[in-house]
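So the chains spell out like this:
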Amino acid sequence: MLRPTRIINPLLLGVDPSSTTIGYSIVEYNLESRLFSIIEAGSYYVSLSSTLQCLLETSDEKYRRFKIIKEFLSRKLAEYSITDAYCEDAYYGNSALAYESLLGCIQVVKDAVTECSYTIPVTLVRASSVKVGMGVQGDSGNKLLMFNALKNRESSIIPPYDGFIDELDQHAIDAICIAVCGGMISYRVYNDETFKKKKRK
């Protein structure tokens, strides 16, 4: 894949996929200090607004939701000079429908990024890898642990202001962790021995 010849302080997009509420984050990685700075993070609830009434007779609800997600991500990609995009990979849980929705949302993320620039790689990161990268047991289902792990790393994952992380919901927290752990692998930041060194393609 073609990449820019020079990358100064990569800007990372992290996405926690869903067909109803996605988490997103914009995180800057400083190549000299090896610190991550949270530029923006939040949750985006997919509301079937009247702007898509023209699609009511020609498409189903899931298609309209994915279209809204894509439009939102496209706006963020246009706003920031993203160098890398990371999305949590789909995992097969108890619901086949939920798994199908995750796959659909992941494809939307890929489509939005590719349409913005074919030089931006989209990397899928397993949920267990994100947890391990944050120092949480890989098979843990305790969402509070991810919040605490992020809070405990405010010296290396720097929020825009004090109390910022406390304002976020779980989707946004996960999106930050996805961007950071994806960046740790891509740019060889190994604060945890469980990360295996992988060369960027």
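Thresholds, definitions, all that
Residues numbered from 1 in each chain as written. Predicted model: local features only at pLDDT ≥ 70, side-chain atom pairs only at ≥ 80, totals over all residues. Heavy atoms only, no water. Pairing = 2+ DSSP bridges. Helix = DSSP H or I, 4+ residues; strand = E, 2+ residues; numbered from the N terminus. Axes fitted to C-alpha atoms, helices over the stretch in contact; angles between N-to-C directions. Parallel < 35°, antiparallel > 145°, perpendicular 65-115°, else oblique. Left-handed = near helix turned anticlockwise from the far one by under 90°. Contact = heavy atoms within 4.5 Å. Nonpolar A, V, L, I, M, F, W, Y, C, P; charged D, E, K, R; others polar. Salt bridge = Lys/Arg side-chain N within 4 Å of Asp/Glu carboxyl O. Buried < 20%, exposed > 50% of the residue type's maximum accessible area, 1.4 Å probe, protein only. Phe/Tyr/Trp six-rings, centres within 6.5 Å; stacked < 30°, edge-to-face > 60°.

## Observations regarding the sheet that holds strand β2 (residues 21-29)
Sheet strands associate in pairs through backbone hydrogen bonding, adopting either a parallel or an antiparallel arrangement.
Here is step 1 of the chain: Taken in spatial order, the six strands line up as β5-β4-β1-β2-β3-β6 in an open sheet, and their pairing is mixed. Among the strands making up the open sheet, the edge pair consists of β5 (122-125) and β6 (157-158).
Here is step 2 of the chain: Sheet topology note: the strand β1 (residues 11-16)/strand β4 (residues 84-88) ladder contains four bridges and is parallel. Note on β4: the bridge partner recorded for Gly-14 is Tyr-86.

## Notes on the packing of helix α4 (residues 143-151) against helix α5 (residues 170-186)
Here is step 1 of the chain: Contact pair α4 / α5: the axes reach a minimum separation of 10 Å and the direction vectors enclose 55°. It follows from the interaxial angle that α4 and α5 lie oblique. Here the hand of the crossing between α4 and α5 comes out left-handed. Taken together, the residues of α5 that come into contact with α4 (itself represented by Lys-143, Met-146, Phe-147 and Leu-150) are Gln-170, Ile-173, Asp-174, Ile-176 and Cys-177.
Here is step 2 of the chain: For the contact of α4 with α5, the residue count by class is six nonpolar, one polar and two charged.

## Concerning the pattern of salt bridges
Here is step 1 of the chain: Here the structure, examined in full by the defined rule, presents six salt bridges.
Here is step 2 of the chain: With a closest N to O distance of 3.8 Å, Glu-71 and Lys-67 form a salt bridge. In this pair, Glu-71 and Lys-67 both sit in helix α1 (residues 61-79), four residues apart, roughly one turn of the helix.
Here is step 3 of the chain: Accessibility expressed as a relative area gives 31% for Lys-67, which makes it partly exposed.
Here is step 4 of the chain: Here Glu-79 ties to Lys-76 by a salt bridge, and the two come within 3.6 Å at their closest N and O atoms. Highlighted residues: Glu-79 and Lys-76, both in helix α1, separated by three residues, approximately one helical turn.

## With respect to the pairing of strand β3 (residues 36-45)
Here is step 1 of the chain: For β2 and β3, the ladder comprises nine bridges, and the chain directions are antiparallel. Residue Ser-25 lies in a different strand from β3, and its bridge partner there is Ala-41.
Here is step 2 of the chain: Linking β2 back to β3 in an antiparallel pair, the connection comprises six residues, with Arg-34 at a positive phi of about 60°.
Here is step 3 of the chain: Across two bridges, the pairing between β3 and β6 is parallel.

## Quick notes on the packing of aromatic side chains
Here is step 1 of the chain: Tallying each qualifying case throughout the model produces five aromatic pairs.
Here is step 2 of the chain: For the pair Tyr-161 and Phe-164, a centre-to-centre distance of 5.3 Å together with 85° between the ring planes defines the contact as edge-to-face.
Here is step 3 of the chain: In this structure an aromatic cluster arises from ring pairing among Tyr-24, Tyr-44 and Phe-72.

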